[in-house]
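# Chain and residue survey
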Amino acid sequence: MAAFLRLIGIVIAIEALFYVLLSLYIRSLQREKLEKEWDRRHPENAGDSGERRAFVRRSMTGFEKTLKSRLVGLVFVVPTLAIMVIIYYVNNR
């Protein structure tokens with residue numbers, strides 16, 4: 001039982017680490033895309049400006065509600081289900 005609890009703890013810690021890293025990576029990609037979009041639409045105001053930061057900030061709040069940002073949560077579900085299936089097959093075959 002102790003080994004099983006240790007496995008659960010390690011898996012949750014690794015999943016949390018990957019969740020944070022993947023979330024930061026996806027957010028940075030979206031932020032970069034929005035910055036390029038601003039520069040394309042406003043070539044006279046290209047570069048870092050207050051208006052650009054406000055545009056990116058407003059757009060990123062909408063990004064939090066998209067399917068792409070919510071699918072990052074599957075980092076917790078898929079490996080856990082895979083481990084459960086493996087444990088089931090090993091113990092019941």
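Going by the structure above, here's the rest.
Note that the structure is a prediction, hence the values are computed from the model and not measured.

### Structural notes on the overall build of the chain
When helices and strands are counted, the chain shows four helices and zero strands. The helix and strand sequence of the chain, counted from the amino end, reads α-α-α-α. Against the globule reference of 12 Å for 93 residues, the chain gives a C-alpha radius of gyration of 20 Å, more extended than a compact globule. When its C-alpha atoms are laid out on the principal axes, the chain stretches across 65 × 20 × 15 Å. Here the chain, with 93 residues, has 17% of them falling under the buried criterion. Looking at the chain alone, contacts between residues at least 24 apart form 64% of all its contacts between residues at least 6 apart.

### A short note on the environment of alanine 3
Relative to the elements of secondary structure, alanine 3 occurs in helix α1 (residues 2-41). The exposure class assigned to alanine 3 is exposed, which follows from its relative accessible area of 51%. Residues alanine 3 and isoleucine 83, spaced 80 residues apart in sequence, show a C-alpha to C-alpha distance of 14 Å.

### Digging into the pattern of salt bridges
Tallying each qualifying case throughout the model produces six salt bridges. Ionic pairing is found between glutamate 37 and arginine 40, a salt bridge with its closest N-O pair at 2.6 Å. Taken together, the residues glutamate 37 and arginine 40, both in helix α1 and three residues apart, mark about one turn of the helix. Among the residues examined, glutamate 37 registers a relative accessible area of 22% and is labelled partly exposed. Two residues, aspartate 48 and arginine 53, come together in a salt bridge whose shortest N-O distance is 3.0 Å. For aspartate 48, a relative accessible area of 65% puts it in the exposed group. Each of Glu35, Asp39 and Arg52 takes part in a single network of salt bridges with overlapping partners.

What counts as what
Residues numbered from 1 in each chain as written. Predicted model: local features only at pLDDT ≥ 70, side-chain atom pairs only at ≥ 80, totals over all residues. Heavy atoms only, no water. Helix = DSSP H or I, 4+ residues; strand = E, 2+ residues; numbered from the N terminus. Rg over C-alpha atoms; globule rule 2.2 N^0.38 Å. Buried < 20%, exposed > 50% of the residue type's maximum accessible area, 1.4 Å probe, protein only. Contact = heavy atoms within 4.5 Å. Salt bridge = Lys/Arg side-chain N within 4 Å of Asp/Glu carboxyl O.

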